[in-house]
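# Geometric and topological summary
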2 protein chains.
Amino acid sequence: MNLALIKEKITNCGLKFTHQRMVIFLALTKSESHPSAEQVYEEIKGSNPSISIATVYKTLDSFVQAGLLRKTIDQNGVMRFDSKLDAHSHLYCKTSHEIRDYENEKLEKLLQDFIESNDFDGYEIDEINVVFKGHKREKTIN
Amino acid sequence: MNLALIKEKITNCGLKFTHQRMVIFLALTKSESHPSAEQVYEEIKGSNPSISIATVYKTLDSFVQAGLLRKTIDQNGVMRFDSKLDAHSHLYCKTSHEIRDYENEKLEKLLQDFIESNDFDGYEIDEINVVFKGHKREKTIN
DNA sequence: CTCAATGCAAAGACTTTGCATTGAT
DNA sequence: ATCAATGCAAAGTCTTTGCATTGAG
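Let me begin by describing the structure that accompanies this report. As the structure is a prediction and not an experimental result, all values here were calculated from the model.

Cut-off values and rules
- Residues numbered from 1 in each chain as written.
- Chains lettered and ligands numbered in written order.
- Predicted model: local features only at pLDDT ≥ 70, side-chain atom pairs only at ≥ 80, totals over all residues.
- Heavy atoms only, no water.
- Core = buried A, V, L, I, M, F, W, Y, C linked by side-chain atoms within 4.5 Å.
- Buried < 20%, exposed > 50% of the residue type's maximum accessible area, 1.4 Å probe, protein only.
- Contact = heavy atoms within 4.5 Å.
- Near = heavy atom within 4 Å.
- Polar contact = N/O pair within 3.5 Å; in protein donor to acceptor, adjacent residues only side chain to side chain.
- Helix = DSSP H or I, 4+ residues; strand = E, 2+ residues; numbered from the N terminus.
- Salt bridge = Lys/Arg side-chain N within 4 Å of Asp/Glu carboxyl O.
- Nonpolar A, V, L, I, M, F, W, Y, C, P; charged D, E, K, R; others polar.
- Pairing = 2+ DSSP bridges.
- Axes fitted to C-alpha atoms, helices over the stretch in contact; angles between N-to-C directions.
- Parallel < 35°, antiparallel > 145°, perpendicular 65-115°, else oblique.
- Left-handed = near helix turned anticlockwise from the far one by under 90°.

For the rest of this paragraph, the subject is the nonpolar core. With 24 residues, the main nonpolar core has F120 and F132 of chain A together with F120 and F132 of chain B as its most contacted residues. Discounting residues that sit within four places of it in the chain, F132 of chain A has contacts with S89, H90, L91, Y92, Y102 and L107 of chain A together with F114, I115, F120, I125, E127 and I128 of chain B.

What follows deals with the protein's contact with DNA strand D. Around DNA strand D, 19 residues are found, and the nearest of them are T18, Q20 and K58 of chain A together with Y57 and M79 of chain B. Taking S52 of chain A, its main chain carries an N or O atom lying 3.3 Å from a phosphate oxygen of DNA strand D. Within the side chain of K58 of chain B, one N or O atom sits 3.0 Å away from a base oxygen of DNA strand D. Counting residues per element, the ones that place at least two in the surface near DNA strand D are α2 (19-30) and α4 (53-66) of chain A together with α4 (53-66) of chain B. It is α4 of chain A that contributes the most residues to the surface near DNA strand D, 4 residues altogether.

Chain A puts 36 residues into the contact, and the matching count from chain B is 37 residues. Across the pair K94 of chain A and E127 of chain B runs a salt bridge, and its minimum N-O distance is 2.7 Å. At the junction of chain A with chain B, the criterion picks out 20 residue pairs in polar contact (both at pLDDT 80 or more). Those elements giving two or more residues to the side of chain A that touches chain B turn out to be β3 (89-93), β4 (99-102), α5 (105-116) and β5 (123-136) of chain A. Top contributing element to the side of chain A that touches chain B by residue count: β5 of chain A, with 14 residues. Residue composition of the side of chain A that touches chain B, by class: 16 nonpolar, 8 polar and 12 charged. By the bridge criterion, 13 bridges tie β5 of chain A to strand β5 (residues 123-136) of chain B in an arrangement that is antiparallel.

All names here are of chain B. As a packed pair, helix α3 (residues 37-44) and α4 sit with axes 9 Å apart at the nearest point and diverge in direction by 120°. As summarised for this structure, α3 and α4 are arranged oblique, according to the angle between their axes. In the crossing of α3 with α4, the sense of the turn from one axis to the other is right-handed. Of the residues in α4, those in contact with A37, E38, V40, Y41 and I44 of α3 are I53, V56, Y57 and L60. Its residues assigned to classes, the contact of α3 with α4 shows 8 nonpolar, no polar and 1 charged.

This is the structure in structure tokens:
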């Protein structure tokens with residue numbers, strides 16, 4: 001994603017465009033691992049040594065409010081951020097706490113159909129979270 | 001659930017049977033709302049005024065380790081405990097943070113089939129979490 | 001008796017808040 | 001010039017830990 005596009009995204013939702021916001025947004029779009037605030041902070045320190053962890057939290061929260069990011073909470077209660085906005089599920093490794101996207105159109109369609117054709121006892125469902133949990137298999141030689 | 005059965009469950013997994021454990025286990029089996037440690041603590045204070053919140057945390061953790069309870073983390077990063085052990089999903093109200101069981105055999109079968117017939121890119125899946133999120137509809141008069 | 005369980009207080013991890021300063025528009 | 005964004009430190013929330021005491025087996 002180029003810088004002009006990032007600036008546009010940030011500006012379009014009424015947020016001022018700052019260096020910090022750009023760097024944070026860039027870190028998120030580049031990451032595959034659904035980083036925590038702390039991990040974003042570590043990642044961007046190089047390109048912005050004076051940035052504060054509070055700014056990272058505030059910025060991530062602004063982005064979530066603006067719909068530019070999604071937030072989830074992992075098994076350890078730590079906030080994790082996801083720049084992928086379309087419907088998808090997740091794989092969670094109980095050992096490494098890594099979170100990876102799991103994209104499967106059939107599954108998402110299955111779930112969407114399920115929501116539409118079932119009653120949820122007075123709940124208006126607007127979001128579904130699916131996490132497949134397990135352990136990453138060791139790579140076998142051969 | 002009667003007390004003898006609870007005692008048996010606790011004893012069977014190698015844990016000593018104490019008043020605190022009984023009261024905590026009882027509170028969990030009676031609750032429908034997937035309480036937090038704090039909520040369990042508030043609930044049982046009456047029947048055991050001297051109990052410590054640390055004991056509640058330690059006991060809940062022992063029960064989870066022993067497989068007597070399940071633990072999840074809610075949207076706020078707070079640990080929630082579930083005494084229902086068979087496969088089921090959850091409804092989460094974004095307003096009240098209430099968590100309710102959502103039991104639907106077809107859904108669970110669908111998911112189980114999905115796990116068995118798909119590849120998860122090197123992950124050995126042993127658990128699936130499904131949470132339907134939304135808002136509880138106001139009851140309409142009429 | 002013995003060793004695990006408990007209770008207390010202190011520490012820890014993560015996140016939020018208040019407020020003075022800085023910077024984008 | 002204005003008002004939002006930033007940076008810092010302090011406070012807050014939830015959870016874990018250390019250790020002396022208690023109690024179940």
